[in-house]
Amino acid sequence: MKHIKRIAAAVLALCSLLALTACGGLQEKVESKLWETAAPILVQGNMDLLYKGVCDENYLKLVNSTQEDCLPYYEENMALQAQAIMAAFEINDVNNNQADRFIDIMKQVYAKADYTIGAASQVDDSHFLVDVTLTPLNFPAQVYDNLGIGLMTFFNTYGELTDEQLNAMSDEEYIQYEETWATGIHNACRVSVKDGPDTLDPVTIQMAVSKTDDGKWSIDDDSILRFNEALMFYPESFE
């Protein structure tokens, strides 16, 4: 298999935007000195929404929103996470028919994510830090370890094609080639999900909650990026 690519920076950047719009405001609760509870609720609520599709009542009240309004953020994030795993394993979705089943895989994986929101500390009147301890998911490595099972049909069908043989394929043959590869990766993902989550040692990060120019309170972009990178470990390559 080709060199496994690290998750694209563009995907991470898109993910970082999701919690900073309708579901991002702390309203007046920070100003009224309730940041000790409000900031952790915002972090817990946004992460639960983005990665598990869960919105509890405390969070919805805090951000003055509804579950119906918030859940599209979860769907968009899972679509981005599906793009990430597909990119990592070099899936070329030539017929645009692969995304849904990889979205379903990522929903199952992130449903088992383990993170704990800790205490908040005040930096100044417009910045707070919230401790988050999370257990990184080692899912890409699990998938890689199961490629021998998942890609059995692909290798039995195509073996080791040369570039010349690949370029000589008709459009229909090339589409079938790419779809057989995608199915093999999906099979490896399914086996990995069935095996249960493989995890790495827990890590603690700090997520910043800051007042934006329009007076709302939101989790900083860099903090959501840091959380996203820490929660799912994508190695630079596999040997």
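Structure: see above.
The model shown is predicted, which means the values in this text are computed figures rather than measured ones. (Residues numbered from 1 in each chain as written. Predicted model: local features only at pLDDT ≥ 70, side-chain atom pairs only at ≥ 80, totals over all residues. Heavy atoms only, no water.)

### A short note on the pairing of strand β3 (residues 203-211)
It is a general feature of regular strands that their side chains alternate between the two faces of the sheet. What counts, and what does not: In short, DSSP must find at least two bridges between two strands for them to pair. Every helix listed is a DSSP run of H or I at least four residues long, and every strand listed is a run of E at least two residues long, numbered separately from the N terminus.
Bridge count for strand β2 (residues 127-135) against β3 is 8 bridges, and the pairing is antiparallel. Paired with D131 across the strands is Q206, a residue of β3. Of the pairings in the sheet, the one linking β3 to strand β4 (residues 217-219) comprises 3 bridges and is antiparallel in character. Bridge pairing in β4 places K211 opposite W217. The hairpin turn running from β3 into β4, its antiparallel successor, is 5 residues long, and G215 in that turn takes a positive phi close to 90°.

### So, the sheet that holds β2
The criterion, for reference: For helices, the axis comes from a line fit to the C-alpha atoms of the stretch in contact; other axes are also lines fit to C-alpha atoms, and the angle between any two N-to-C directions lies between 0 and 180 degrees. Every residue pair with non-hydrogen atoms within 4.5 Å of one another is taken to be in contact.
The strand order across the open sheet formed by 4 strands is β1-β2-β3-β4, and the pairing between neighbours is antiparallel. The sheet is open, and its two borders are formed by β1 (114-124) and β4, each paired with just one other strand. Direction aside, neighbouring strands of the sheet carry axes that sit 25° apart on average. Sheet contacts for helix α11 (residues 221-231): β1, β2, β3 and β4; angle to β3, the most-contacted strand, approximately 155°.

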